[in-house]
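# Structural description and commentary
The primary structure of each chain is shown beneath.
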Amino acid sequence: MVENIRRWLDQMVVGLNLCPFSSSVIARNQVFYAVCDATTDAELQQFYLTELRRLLETNENDVATSLLMFTQGLEEFGDFLDVLDWFQQLLEQADLTEHVQLASFHPQYQFEGVAADDLSHFTNRSPYPTIHLLRQDQMTKVLAHVSDPEKIYLDNIKALNTLGRREVEALCPWGK
């Protein structure tokens, strides 16, 4: 599972420069990969809280960011969004939104209000349901050097459209 996520990061995220901030933390081996086999709410909550604690208690030079990958129970995109919302609520209840933000990736990711066949969905399609824990202070630092952060997303869509459906789907066969 981790190997497939690393391949996706290399080919899509770094390879297509979908996240201009990712290559350095990947190259410095500062990404923590956590695999979750939990199926119950209690197990999911414990996994999430453990990984939040790990990120916050570890020096950012050792673990800059964490990817939480889910092996079962979240194959349906709606179920994944429910867990993502729940995790966001837990983050807010713990008063940690100033320290951590969540990003989400799923094999069937679909932006609300966007046509189902639009290539933009592939900016957030990954081999497995994945929640990305990002350090808020790091995001603030890197975004301070970006004049128009919204342009990143628009450039990503442009890059995927330029590449074309056949190439994008070859890179992300799980997302067809």
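Use the structure listed above.
Moving on: the nonpolar core. In this structure, Y48, F70, F87, L102, I131 and L133 are the most contacted members of the largest nonpolar core, which totals 26 residues. When contributions to this core are tallied by element, the ones reaching two or more residues are β1 (31-36), α3 (41-57), β2 (65-70), α4 (77-93), β3 (100-105) and β4 (130-135). Of all the elements, α4 adds the most residues to this core, at seven residues. Look past the residues within four positions of F70 in its chain and what remains in contact with it is M1, C36, L44, F47, F87, Y128, P129 and I131. Among the nonpolar cores identified, the runner-up in size contains 22 residues, and M12, V25, A64 and F122 belong to it.

This part takes up the side chain of H132. Within the secondary structure, H132 sits in strand β4. Within the local environment of H132, its side chain forms a polar contact with the side chain of T65, the two groups lying 2.4 Å apart.

Turning to the pairing of β1, a few remarks are in order. The sheet contact formed by β1 and β2 spans six bridges and is parallel. Each residue of the ladder has a partner; that of V31, found in β2, is T65. What joins β1 to β2 is α3, and the crossover it makes is right-handed.

In this structure, T65 sits in strand β2. When neighbours within four sequence positions are excluded, T65 is seen to be in contact with V25, Q30, V31, F32, L55, H132, L133 and L134.

A few words on the environment of W174. In this fold, W174 is placed in the segment after α7 (165-171). Its relative accessible area of 24% is what places W174 among the partly exposed residues. Sequence-distant contacts of W174, defined by excluding residues within four places in its chain, comprise W8, P107, Q108, R125, S126 and P127.

Working note: non-glycine residues mostly have negative phi, and peptide bonds are mostly trans. With a phi close to 55 degrees, N17 is a non-glycine residue in the positive phi region. Position of N17 among the secondary structure elements: in the loop between α1 (2-14) and α2 (22-27). Positive phi, close to 55 degrees, is recorded for N29, a residue that is not glycine. Positionally, N29 belongs in the loop between α2 and β1. Judged by relative accessible area, N29 falls into the exposed class, the value being 52%.

Attention now goes to the packing of α3 against α4. Viewed as axis vectors pointing N to C, α3 and α4 meet at an angle of 55 degrees, and their least axial separation amounts to 11 Å. Between α3 and α4, the interaxial angle falls into the category oblique. Handedness of the α3/α4 crossing: right-handed. Listed contacts from α4 to D41, L44, Q45, Y48 and L52 of α3 are V83, W86, F87, L90 and L91. The residue inventory of the contact of α3 with α4, partitioned by class, reads eight nonpolar, one polar and one charged.

As enumerated under the stated definition, the model contains three salt bridges in all. In this structure, E51 and R54 form a salt bridge, with 2.8 Å as the shortest nitrogen-oxygen distance. Pair noted here: E51 and R54 are both in helix α3, with a separation of three residues, about one helical turn. With relative accessibility at 30%, the residue R54 sits in the partly exposed group. Residues K151 and D155 are paired through a salt bridge, measuring 3.1 Å at the closest nitrogen-oxygen approach. Note that K151 and D155 are positioned in helix α6 (residues 150-163) at a spacing of four residues, about one turn of the helix. Judged by its relative accessible area of 34%, D155 is partly exposed.

Cut-off values and rules
- Residues numbered from 1 in each chain as written.
- Predicted model: local features only at pLDDT ≥ 70, side-chain atom pairs only at ≥ 80, totals over all residues.
- Heavy atoms only, no water.
- Core = buried A, V, L, I, M, F, W, Y, C linked by side-chain atoms within 4.5 Å.
- Buried < 20%, exposed > 50% of the residue type's maximum accessible area, 1.4 Å probe, protein only.
- Helix = DSSP H or I, 4+ residues; strand = E, 2+ residues; numbered from the N terminus.
- Contact = heavy atoms within 4.5 Å.
- Polar contact = N/O pair within 3.5 Å; in protein donor to acceptor, adjacent residues only side chain to side chain.
- Pairing = 2+ DSSP bridges.
- Right-handed = clockwise from strand over helix to strand, strands pointing away.
- Axes fitted to C-alpha atoms, helices over the stretch in contact; angles between N-to-C directions.
- Parallel < 35°, antiparallel > 145°, perpendicular 65-115°, else oblique.
- Left-handed = near helix turned anticlockwise from the far one by under 90°.
- Nonpolar A, V, L, I, M, F, W, Y, C, P; charged D, E, K, R; others polar.
- Salt bridge = Lys/Arg side-chain N within 4 Å of Asp/Glu carboxyl O.

Read these as geometric descriptors, not functional statements.
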